[in-house]
2 protein chains.
Amino acid sequence: MDIKEIYLNKDKFMEKEVIINGWIRNHRKQKDFGFIDFHDGSCFKSIQVVYDNKLADFDEIQKFKIGSSISVTGKIIKSPASGQDFELQATSIILLGNSEDDYPIQPKRHTREFLREQAYLRPRTNLFQAVFRVRSLTAHAIHSYFQENGYVYVNSPIITGNDAEGAGEVFQVTTLDLNKLKNSKEIPFDEDFYGKPVGLAVTGQLEAETYAMAFKKVYTFGPTFRAENSNTKYHASEFWMIEPEIAFCDLNGLMDIEEDCLKYIIKYLLKHAKDEMEFFDKFVEKGLLEKLNNLLNSHFTRIDFKNAITLLKESAEKFENTPSYDEDIAKEHEKFLTNHFGGPVFLTNWPKDIKAFYMKQNEDEKTVAAVDLLVPGAGELMGGSQREESYEKLVDRMNELDMNINELDWYVNLRKYGGCTHSGFGIGFERLLMYITGIDNIRDVIPYPRTPKNCEF
Amino acid sequence: MDIKEIYLNKDKFMEKEVIINGWIRNHRKQKDFGFIDFHDGSCFKSIQVVYDNKLADFDEIQKFKIGSSISVTGKIIKSPASGQDFELQATSIILLGNSEDDYPIQPKRHTREFLREQAYLRPRTNLFQAVFRVRSLTAHAIHSYFQENGYVYVNSPIITGNDAEGAGEVFQVTTLDLNKLKNSKEIPFDEDFYGKPVGLAVTGQLEAETYAMAFKKVYTFGPTFRAENSNTKYHASEFWMIEPEIAFCDLNGLMDIEEDCLKYIIKYLLKHAKDEMEFFDKFVEKGLLEKLNNLLNSHFTRIDFKNAITLLKESAEKFENTPSYDEDIAKEHEKFLTNHFGGPVFLTNWPKDIKAFYMKQNEDEKTVAAVDLLVPGAGELMGGSQREESYEKLVDRMNELDMNINELDWYVNLRKYGGCTHSGFGIGFERLLMYITGIDNIRDVIPYPRTPKNCEF
């Protein structure tokens, strides 16, 4: 029996006997009574267990410690206490697993820094119960959205020989004996597991494109890696990405999908994680629910990068960074734009030199058909583009950037064998979670976060 | 418009005009007519496009090559041809993307070995359309099963400092400059990204257990890695695993869940991938549908390892490998057992020495509460166990095996802080796919498989 079931069917269980297994969150003792804040992980809420000295082992029960696992048999009754409709009047409480006095998660306020060090215990707290149930539900919302809309889920490879973004900050993967390496003249990659240097994927997009040319609509959802030495609240070296890719779809079609997808996810959470979302609204980011509801009710603005820069330049606002037609925009500019339009903004057709090689080159020869989605309070949430479908233009651009075309011949060949207009976008799963929950540190939305010098558990 | 929509609503579309984008699978030309086998990736089936010389650009259209992407406008009409209810009478066919003469996927029989070399194009073939749509649907069936049953999805870490299974065959992950390493006396792990040696996870189970102690029911579903130099049909170095973990659940409860889960997945596929499953039954494994339906209709047998060995020993069968009470069983034994019981068999309580350290030690001190699920035609499909919940027994066993307890203190501590009876199992996603599709080589159920000396795309 789950506590969740009781909350879902209060009336049905009233005055009925139930047996529930779970953990002691808190334990208040009085001379002839005891109250246990009892949680079983099935939902955000806990239930109050009341017991009295009529129980034969009353004295033993009073010694049960915070964190212990117990099995409670009892009756659901109307609660006289305020703030709860019912409670569980115990007829038996059996200790299943003791908890020791040094149990770190005591019923008091712990800092998030402390809880990060106790990452294996923190899901037992209210905050992380909410965070990680919402993480799970968000993942399922994403899968459900794409599956319901006829997309095929593709597992792009994690270990890869291509450095797709040309970013360079890639983790190497090897089975070579690093100790023996010290004495060898050349790195013997022919003795390595794959016979060549390989690393962890920074994206699955290029492989997703190959599948979009077969299934029309596909998406990836898997871990990606960045060996970037960034110690910020926004960077983890291991994070999950969703990368949808759609054939016969241009930039406008892509924006339709992005907007539809984001609204679906948020609606799903407001419906399936009501308690958790209210908790975030109350204790993590005041106004969170209003922010999300505003997004649901808005039609996302679409504006050319060029026009946005003009708007920034002509505004009365004093910016620390001068807006430029050739450069990326700053956080303050993003903020101005979402404020100005009173909601999410799709920023399209970016300067080619600050975007990736595979993006479709526009006729002006200066911009590419890229789009970033900016949302109030978080800035960029999704990034996408129409992909270059011309073999010649793609090869020219790769040559310009001094890329190894041979290594990516399969990717380039897609343009030789029935290529077509196609587009795709990426969502950083954790960035999305931060936006949805209001949690401001990426380390607090990943069960076991990996950051520079930190790979615990 | 998708071809899938037309198949789902034939009557609605009859005599109606449609516009569809897709690819030419085959192109038969006659003097005044042409027939295009037209596929758009939205479902397994293609549609026949018929055009005639009334089209102004008839001569141009006749030159369209296999693999090209086209946009077809036309009317859905009753088909005179056998084997199809309707066809698409084109009023316009526009070339979107040409395909060149060296396009490797011509309408003839290609070997699977050849198609593996063309891994970026193989999803355009019937076989791999079926395989990778079923892979996607199976993934969603798994997520749906666990989400509907109240499990929380946990992303266990991919980069890890623990060698959880003690298996040793782990890929190292590093950002050290291997070239400079040659000249250094000691490996400078303090300069490495995480400040210590790390590798790719072989399992997420231990981390999943920590979350089961908070959410009661959890599951992982992510990539795992084995740097094992095995060149068999069953081994890949990168594969996906599902690892559910359930608190307050013993070995019997676990078997209930495993059986329920497997049946759910198979039912889901028989319903949502009808065409694909029929294709596998006809062209990949004759009798596949019967095999799966038999499984659905059977109640899985549960038998003690010891009793199974006695059964093997007492059988009239001549085995190449002598059954032993202390050793793992061979493929031939698995086959005998599933034949003998006429269906899937749960084999429980295995000799402790051939199983992992974390499994619950039985009172006989010789066996552990492990369970393997054997299925007809494939042998082991799932492996699980009740976990040792006694702090002392777990530590003793780890000492016996000379394991570093300090490194896993968080895992061991779960037994100090409200531990309880709990169990979990693992499913190799690709092994499951091989069983479900009848495909006999793991390289053919992974989009871009990684095996020794092979890391292409």
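Residues numbered from 1 in each chain as written. Chains lettered and ligands numbered in written order. Predicted model: local features only at pLDDT ≥ 70, side-chain atom pairs only at ≥ 80, totals over all residues. Heavy atoms only, no water.

(A) Quick peek at the overall build of chain A. Counting secondary structure elements, chain A contains 15 helices and 16 strands. Overall size of chain A, expressed as C-alpha extent along the three principal axes, is 85 × 65 × 45 Å. Considering chain A as a whole, with its 457 residues, one finds that 61% of them fall into the buried category. For chain A, long-range pairs separated by at least 24 residues make up 68% of all intrachain contacts whose partners lie at least 6 apart in sequence. For chain A, the exposed surface amounts to about 19000 Å²; the carbon and sulfur share of it is 46%. (Helix = DSSP H or I, 4+ residues; strand = E, 2+ residues; numbered from the N terminus. Buried < 20%, exposed > 50% of the residue type's maximum accessible area, 1.4 Å probe, protein only. Contact = heavy atoms within 4.5 Å. Areas by Shrake-Rupley, 256 points an atom, 1.4 Å probe, with all protein chains shown as cover.)

(B) Molecular detail of the sheet that holds strand E9 (residues 198–200) of chain B. Read from one edge of the open sheet, 6 strands run E7(A)-E9(A)-E8(A)-E8(B)-E9(B)-E7(B), paired in antiparallel fashion. Strands with a single pairing partner mark the edges of an open sheet, and in this sheet they are strand E7 (159–160) of chain A together with strand E7 (159–160) of chain B. Summarising the sheet, E7(B) and E9(B) pair through 2 bridges and their orientation is antiparallel. Looking at the pairing, B:Ile159 lines up with B:Leu200 of E9(B). (Pairing = 2+ DSSP bridges.)

(C) Just helix H7 (residues 205–215) of chain A, in detail. The element H7(A) is extensively covered by neighbouring structure, given that 11 of its 11 residues are classed as buried. Residues A:Gln205, A:Leu206, A:Glu207, A:Ala208, A:Glu209, A:Thr210, A:Tyr211, A:Ala212, A:Met213, A:Ala214 and A:Phe215 constitute the buried set of H7(A).

(D) Region of the structure containing the relation of the copies chain B and chain A. Note on the identical chains: chain B maps onto chain A by a rotation of 180 degrees and an axial translation of 0.0 Å, with an RMSD of 0.0 Å. Both copies of the chain, as the preceding transformation shows, are related through a two-fold rotation axis. Using C-alpha coordinates, one finds that chain B approaches the rotation axis most closely at B:Lys182, a distance of 1.8 Å. A share of 99% of interface residues in chain B that are also interface residues in chain A marks the association as one of identical surfaces. (Least-squares fit on C-alpha atoms with pLDDT ≥ 70 in both.)

(E) Structural detail: the packing of aromatic side chains. Summed over the entire model, instances satisfying the criterion amount to 65 aromatic pairs over all chains. Ring centres of A:Phe193 and B:Phe171 lie 4.9 Å apart, and the angle between their planes is 80 degrees; this geometry places the pair in the edge-to-face category. Of the two residues, A:Phe193 is situated in the loop between helix H6 (178–181) and strand E9 (198–200) and B:Phe171 in the loop between E7 and strand E8 (172–174); the pairing between them involves two chains. Take A:Phe193: its relative accessible area is 8%, and that puts it in the buried class. Since its relative accessible area comes to 1%, B:Phe171 is described here as buried. Measuring from ring centre to ring centre gives 6.4 Å for A:Tyr448 and B:Trp410, while their planes differ by 40 degrees; the resulting arrangement is tilted. Here B:Trp410 lies in helix H14 (residues 409–413) and A:Tyr448 lies in the segment after helix H15 (429–437), a pairing that spans two chains. (Phe/Tyr/Trp six-rings, centres within 6.5 Å; stacked < 30°, edge-to-face > 60°.)

(F) Region of interest: the sheet that holds strand E12 (residues 301–304) of chain A. All names here are of chain A. Spatial strand order, E6-E10-E11-E16-E15-E14-E13-E12: 8 strands in an open sheet with mixed pairing. With partners counted over all chains shown, the strands left at the sheet margins are strand E6 (152–153) and E12, one partner each. Pairing analysis gives 4 bridges linking E12 to strand E13 (residues 345–351), with the strands arranged parallel. Directly across from isoleucine 303, in E13, lies its bridge partner leucine 347. Sheet strands touched by helix H11 (residues 305–314): E12 and E13. Its angle to E12, the strand with the most contacts, is close to 90 degrees. (Axes fitted to C-alpha atoms, helices over the stretch in contact; angles between N-to-C directions.)

(G) Quick peek at the interface of chain B and chain A. Chain B puts 114 residues into the contact, and the matching count from chain A is 114 residues. Summed over both sides, the interface between chain B and chain A buries roughly 9100 Å², with carbon and sulfur atoms accounting for 59% of that surface. Here A:Glu456 makes a salt bridge to B:Lys196, at a shortest N to O gap of 3.5 Å. Here chain B is connected to chain A by 50 residue pairs in polar contact (both at pLDDT 80 or more). Of the residues forming the side of chain B that touches chain A, the biggest block, 12 residues, is contributed by helix H5 (residues 126–148) of chain B. One ladder, built from 3 bridges, connects strand E8 (residues 172–174) of chain A with E8(B); its direction is antiparallel. (Buried area = accessible area lost by both parts, 1.4 Å probe. Salt bridge = Lys/Arg side-chain N within 4 Å of Asp/Glu carboxyl O. Polar contact = N/O pair within 3.5 Å; in protein donor to acceptor, adjacent residues only side chain to side chain.)

(H) Representation of the confidence of the model for chain A. On average, residues of chain A score 96 in pLDDT, and 98% of them reach the 70 mark or higher. In the predicted assembly, ipTM is 0.97 and pTM is 0.97. (pLDDT = per-residue confidence, 0-100.)

(I) Up close: the pattern of salt bridges. The final tally for this structure, using the stated rule, is 57 salt bridges over all chains. Note that B:Lys75 and B:Glu15 form a salt bridge whose closest N and O atoms lie 3.5 Å from each other. Of this pair, B:Lys75 sits in strand E4 (residues 69–78) while B:Glu15 sits in the loop between helix H2 (10–13) and strand E1 (17–29), and the two are 60 residues apart along the sequence. One continuous salt-bridge network, built from bridges that share partners, spans A:Glu209, A:Glu245, A:Arg387 and A:Arg415.

(J) Region of the structure containing the side chain of A:Gln147. With respect to the helices, strands and loops of the structure, A:Gln147 is situated in helix H5 (residues 126–148). For A:Gln147, a relative accessible area of 15% puts it in the buried group. Reaching out from A:Gln147, the side chain makes a polar contact with the side chain of B:Ser136 at a distance of 3.2 Å. Residues in contact with A:Gln147, not counting those within four places in the same chain, are A:Tyr153, A:Tyr219, B:Ser136, B:Leu137 and B:His140.

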